[in-house]
Amino acid sequence: MTYAQVSNLEENQEAVRIIQRLKTLEPEATCEDDFVLWDRAKDFLVFDRFGNQWIDFTSGIFVANTGHSHPRVKTAIQARLDRGHLFNYLYATEDKLRFIELLLELTPQKFNQVVLYATGSETNECALKLSRIHGQKINPHKVGIIGFEDAFHGKTLGSLMIGGKPKDKVWMPWHDPAIYHLPYPDYRRGIDETNGASFFKESIAALEAKGVKSESIAAVFMEPYQGWSACFFPKSYVQALASWAKRNQVLVIFDEVQSGFGRTGMWFAYEHFGVEADLVCCGKGISSSLPLSAVLGPREILNHAGVTSTHTGNVLSVAAGIGNLEVLHDEKLVERSNRLGAILLERLEKLQRKYPERIKFISSRGLLAGIHFGNKESNDLDVKTCSEIVRRCIASGLLLIKTNIGTIKIGPPLTIAQDALEEGLDILEEAVDVVLARSK
Ligand code: PMP
């Protein structure tokens, strides 16, 4: 018996009708697929109500790190529901104290405050504000922000401006003149550990040559790996950046919204770089379920009156967060991410050896991976091939992340059974075989 069980999705008129109706009532971007009508999800499986079930290699977009509907997360939410407590605004709760203490145990000693939100975008908005407030205490012109080309930090105004995707910003009548974007140091530019440090120095020199002084920079925002590609910063690059930041009193802010809570085989992915963070933004896998996010850092930076929101630390979300952190600890899921990650990497490298001209790059750490597809003739990434592979996988019972930029991303729950991981990788390999055979 296999985990993936899907039959004739396209012929399921009822599901297609519901999805199509929803697609007319919501903006285009809000419906991920034409055939998957989620009814429930348990651990690493997603079910519709027509008897289909999918292996989930997405964690519902990097949220369900402890699996969907983990019994301990459910029980924690249920206990609050049964008590009759659904909302708390900024009033204190014992759970909030416990959750914040648990979060701080995971971070450096100098971190002693946390502000909670509902979404990842809000955390980056908050960090943007706090870093400029902090910078201006040092000197009134210290408001510059460095982000990276192709980076993603959310879709609200500030987070979008820090992000590095010009297409998403064409509607803006003006751009923040003190937000700068450095080129991302990845394989496409020939950057790796050997030249990471010198590439950082060149990038800063180029910025300075445009008249942007390092002492005018308040903060650098980094995703430890870029969302679309799963490519990590080279450690040498981040270490050079961190020492430049220290010399120039620049805050180093890691956006761990996607990469946190064991995803890459560390609690936080920035730990791979051996540097200190000044602020850490997180979300998604922080609760594995209900909307919850957080900015973590030292009191000197975080302690500001203007950072709260109506749903700051909602009581149900916080209950889910406590259950989730306990599961991550007790089930040793960070180690598990590493162990199963080795199997994932081995299989993907094998696939790349099979198609060296079409698979341009594999990036993988823990239970995170990105596969970059291209074609023989050019270095451009191949969006169409990725879409076809993902579509075929869905029809065969595997959910994958299609980035629409020529990469496929893999991020199963850290609880995934080894045989389900292997079955999902078999489905992927078969889809790659079929699609690549068709499109030479
Ligand atoms: N930062 C990163 C690195 C993300 O991956 C995301 C979401 N994909 C966000 C921020 C935004 O989070 P949210 O969608 O919860 O606002």
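Nothing here was measured: the structure is a model prediction, and the numbers come from that model. In this convention, every chain numbers its residues from 1, walking through the sequence in written order. Only residues with pLDDT of at least 70 are given local features in this predicted model, and only at 80 or more are side-chain atom pairs given and counted; all residues enter the totals for whole chains, interfaces and linings. Only hydrogens and water are set aside; all other atoms, that is, all heavy atoms of the structure, feed into the side-chain values.

### Side note on the site of the ligand
And step 1. A molecule or strand has a residue near it when one of that residue's heavy atoms lies within 4 Å. The full set of residues close to the ligand is Thr119, Gly120, Ser121, Asn124, Phe152, His153, Gly154, Glu223, Asp255, Val257, Gln258 and Lys284.
And step 2. A distance of 3.0 Å is found between an oxygen atom of the ligand and a side-chain nitrogen or oxygen belonging to Gln258.
And step 3. Contact with the protein chains removes 80% of the 390 Å² of surface that the ligand exposes when unbound.
And step 4. Strands here are runs of E lasting at least two residues and helices are runs of H or I lasting at least four, both read from the DSSP assignment and numbered beginning at the N terminus. When residues of the shell around the ligand are assigned to their parent elements, the largest contribution, three residues, is made by helix 5 (residues 120-138).
And step 5. Asp, Glu, Lys and Arg are counted as charged, while Ala, Val, Leu, Ile, Met, Phe, Trp, Tyr, Cys and Pro are counted as nonpolar; the rest, among them Gly, fall into the polar class. Tallied by class, residues from the shell around the ligand come to two nonpolar, seven polar and three charged. Polar contact is the term for a pair of N or O atoms within 3.5 Å; when the atoms are in protein, one must be able to donate a hydrogen and the other to accept it, and sequence-neighboring residues count only if both atoms are side-chain atoms. Only the protein chains shown count as cover for residues, and all accessible areas are computed by the Shrake-Rupley method using a 1.4 Å probe.

### Examining the packing of helix 3 (residues 71-83) against helix 10 (residues 315-330)
Packed helices, taken two at a time, are described by the angle their axes make and the gap between the axes.
And step 1. Axis lines are fitted through C-alpha atoms, for helices just across the contact stretch, and the angle between N-to-C directions can take any value from 0 to 180 degrees. The N-to-C vectors of helix 3 and helix 10 enclose an angle of 150°; their axes lie 8 Å apart at closest approach. One finds that helix 3 runs roughly antiparallel with respect to helix 10. As for the relative orientation of helix 3 and helix 10, their crossing is right-handed in sense. Contacts from Arg72, Val73, Ala76, Ile77, Arg80 and Leu81 of helix 3 reach helix 10 at Val315, Leu316, Ala319, Ala320, Gly323, Asn324, Glu326, Val327 and Asp330.
And step 2. Taken together, the residues of the contact of helix 3 with helix 10 break down into nine nonpolar, two polar and four charged. For classification purposes, an angle smaller than 35 degrees is called roughly parallel, one larger than 145 roughly antiparallel, one from 65 to 115 roughly perpendicular, and anything else oblique. Handedness of a crossing is defined here by the sense of rotation of the near helix relative to the far one, left-handed for an anticlockwise turn of less than a right angle and right-handed for a clockwise turn. We call two residues in contact when some of their heavy atoms are within 4.5 Å.

### Topic: unusual backbone geometry
And step 1. One non-glycine residue, Ile61, lies in the positive phi region at around 60°.
And step 2. As for its position among the elements, Ile61 is in helix 2 (residues 59-62).
And step 3. Even without being a glycine, Asn404 presents a positive backbone phi close to 65°.
And step 4. Inspection of the secondary structure assignment puts Asn404 in the loop between strand 14 (401-402) and strand 15 (407-410).
And step 5. Residue classification places Asn404 among the exposed positions, given a relative accessible area of 52%. Under the scheme applied here, a residue whose accessible area is under 20% of the maximum for its type counts as buried, over 50% as exposed, and between as partly exposed, the area being computed with a 1.4 Å probe on protein chains only.

### A few points about the domain arrangement of the protein chain
And step 1. Domain borders in the structure are assigned automatically or taken from a domain database. Taken as a whole, the protein chain is organised into domain 1 (71-331) and domain 2 (336-366).
And step 2. Inter-centroid distance (C-alpha atoms) of domain 1 to domain 2 is 27 Å.
And step 3. Contacts between the two partners involve 10 residues from domain 1 and, on the opposite side, seven residues from domain 2.
And step 4. With both sides pooled, the region where domain 1 packs onto domain 2 buries about 730 Å², and carbon together with sulfur makes up 55% of that total.
And step 5. By convention, the term buried area covers the 1.4 Å-probe accessible surface removed from two parts as they join, with the contributions of both added. Sorting the residues of domain 1 by area buried against domain 2 places Tyr187, Phe232 and Gly265 first, and these three jointly supply 50% of that buried surface.
And step 6. Run the count over domain 1 and domain 2 and you get five residue pairs in polar contact (both at pLDDT 80 or more).

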